[in-house]
Amino acid sequence: MVIFFILSGPIASPLPQVPTATNQFFDWFFYGLQGLGGWLLFLLLALGAMVWLLYDSQNRRLPATGWRLGVVLLSLLLLPTILYRFTVTDLHYRIYQVLQLYGDNCPIDVITQNFPEITFTDCNQLRRSLPPLTPFGEYVFYLGLLGGVLSPVLAVGYYITFQGMSGCPRGHLYEKALEKVPGQCPQCAAEEAQRQRPAAEVVRFSPTPSPVPAPGPMASPHSKPVKPSRPALQYAWLVDMTNNRRYDLYEDTTRIGRSGESDIMLTDQAVSRLHAQIRESHGHFTLTDLDSSSGTLLNGKKLRSPLVLQNGDEITLGDTVLHFVSSN
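Residues numbered from 1 in each chain as written. Predicted model: local features only at pLDDT ≥ 70, side-chain atom pairs only at ≥ 80, totals over all residues. Heavy atoms only, no water.

Participant: Any chance you could break down the overall build of the protein chain for me, citing the residues and the numbers?
Facilitator: On a plain count of helices and strands, the protein chain comes out with 10 helices and 14 strands. The proportion of buried residues among the 328 residues of the protein chain is 40%. Restricting the contact set of the protein chain to residue pairs at least 6 apart, pairs at least 24 apart contribute 53%. As displayed, the protein chain offers around 18200 Å² of accessible surface, 60% of which is attributable to carbon and sulfur atoms. (Helix = DSSP H or I, 4+ residues; strand = E, 2+ residues; numbered from the N terminus. Buried < 20%, exposed > 50% of the residue type's maximum accessible area, 1.4 Å probe, protein only. Contact = heavy atoms within 4.5 Å. Areas by Shrake-Rupley, 256 points an atom, 1.4 Å probe, with all protein chains shown as cover.)

Have a look at this one:
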């Protein structure tokens, strides 16, 4: 920072006057606004951003620990500014500028004439009388600017990242637009419905196929059995609890849809011709949506990428609800 100094009244030796925009802003930052200092505005901005972010993330139960820590640390950058402002006065600042200008050969008569309120015998004594933070004004200045500017910027980034999102006490993060009941987590609601099913219905998810009727002439008219093109798996299948029907899964890939090309053919008009598929690999089953028009739900949550199925998972295709059963 270019050192400048303006003294009033006659002086024994002329001093260069080089006021720049940076110098003027530095002076306003610490001693402007009628002595309060412009730093106070930056402090209010940082504190406002910190309080809002902490309150909003807590109120919406968002997993934003990193954002909270970041805004708190950035706000703490203003602490050196507060210490500097209340220990280094405007008088100290101006004396330090003169000492920096003249170095070790400071003119005692010039300083005495322009600062009659201080008494000293030599420049070293005067330099030692200054507060410890005086030489670090430039560093404190930039730290205060960073804290006052970056805290609101971080708060804006947090708002953009979590806009329209909410969380629940169990740590689930979801879009508020997916709430079926205001304030209720869709994933928690699906898990609760799974736990509250009648005992007789839970028995149907037993790994043994005996409780579930095999495909036959008594099948519901809402779905058509498809003649398998390859052997069916014996340790995994799908169950339509509404129509009391079982659908076999096959090795490699089982396609589900309304088309006659599907391995599991459904007559539900809300189901696409090729709606979804289940791929088997080493005993693991992965559900994938085939760009269907109505989408595929897994345990009440829209499927956006392939997910591995677990025993008892609920798959919704259009108006049809199927349950995955596996004894593996």
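Participant: Which residues make up the side chain of T320, and what values do they have?
Facilitator: Within the secondary structure, T320 sits in strand β14 (residues 320–326). Under the relative-accessibility criterion, T320 is labelled buried at 11%. Reaching out from T320, the side chain makes a polar contact with the side chain of D268 at a distance of 2.9 Å. Beyond its immediate stretch of four places on either side in the chain, T320 contacts D240, L266, D268, V271 and I315. (Polar contact = N/O pair within 3.5 Å; in protein donor to acceptor, adjacent residues only side chain to side chain.)

Participant: Which residues make up the confidence of the model for the protein chain, and what values go with them?
Facilitator: Detailed reading of the predicted model is not advised wherever pLDDT is low. Put simply, the protein chain has an average pLDDT of 78, and 79% of its residues get 70 or more. Of all helices and strands in the protein chain, the one with the weakest mean pLDDT is helix α10 (residues 199–203) (43), whereas strand β13 (residues 314–317) scores best (94). The low-confidence segment residues 199–226, where pLDDT is below 50, has 49 contacts with residues more than four positions distant or belonging to other chains. (pLDDT = per-residue confidence, 0-100.)

Participant: Tell me about the packing of helix α2 (residues 39–59) against helix α3 (residues 65–76), and please be specific about residues and values.
Facilitator: At a minimum axis distance of 9 Å, the contact between α2 and α3 shows a crossing angle of 165°. Of the possible angle classes, the one that applies to α2 and α3 is roughly antiparallel. At the point where α2 passes α3, the crossing takes the left-handed sense. On α3, the residues touching A46, A49, M50, L53, L54, S57 and Q58 of α2 are W67, R68, V71, V72 and S75. In terms of residue class, the contact of α2 with α3 is made up of 8 nonpolar, 3 polar and 1 charged. (Axes fitted to C-alpha atoms, helices over the stretch in contact; angles between N-to-C directions. Parallel < 35°, antiparallel > 145°, perpendicular 65-115°, else oblique. Left-handed = near helix turned anticlockwise from the far one by under 90°. Nonpolar A, V, L, I, M, F, W, Y, C, P; charged D, E, K, R; others polar.)

Participant: Describe a nonpolar patch on the surface, naming the residues involved and giving the relevant values.
Facilitator: On the surface, L143, L146, V149, L150 and V153 cluster together into a nonpolar patch covering about 380 Å² of accessible area. Looking at the secondary structure, you find V153 in helix α8 (residues 137–161). (Patch = residues over 30% accessible without salt bridge, like charges linked within 9 Å, V, L, I, M, F, W, Y side chains within 5 Å. Salt bridge = Lys/Arg side-chain N within 4 Å of Asp/Glu carboxyl O.)

Participant: I'd like to hear about the side chain of R60, residue by residue, with values.
Facilitator: Following the sequence through the fold, R60 ends up in the loop between α2 and α3. Classification of R60 by relative accessible area gives buried; the value is 16%. A distance of 2.7 Å separates polar atoms of two side chains, one belonging to R60 and the other to D56. Separated by 2.9 Å, the side chain of R60 and the backbone oxygen of F162 make a polar contact. Residues contacting R60, with those up to four places away along its chain left out, are Y158, F162, G164, M165, S166 and G167.

Participant: So what about the pairing of strand β5 (residues 245–250)? Which residues, and what values?
Facilitator: Burial of β5 is extensive: 6 of the 6 residues sit out of reach of the surface. The two faces of β5 match: R245, Y247 and L249 on one face and R246, D248 and Y250 on the other face are all buried. Bridge count for strand β4 (residues 232–240) against β5 is 5 bridges, and the pairing is antiparallel. By the bridge assignment, L238 is partnered in β5 with Y247. (Pairing = 2+ DSSP bridges.)

Participant: Help me get a handle on the sheet that holds β5, residues and values and all.
Facilitator: Strand pairing in a sheet relies on backbone hydrogen bonds. The paired strands run either parallel or antiparallel. Taking strand neighbours across the sheet as the criterion, the 6 strands line up as β5-β4-β14-β13-β10-β11 in an open arrangement whose pairing is antiparallel. Across the chains shown, the open sheet's two edge strands, defined by having one partner strand only, are β5 and β11 (301–302). In this structure, β4 lies alongside β14, joined through 4 bridges in antiparallel fashion. Bridge pairing in β14 places W237 opposite V325.

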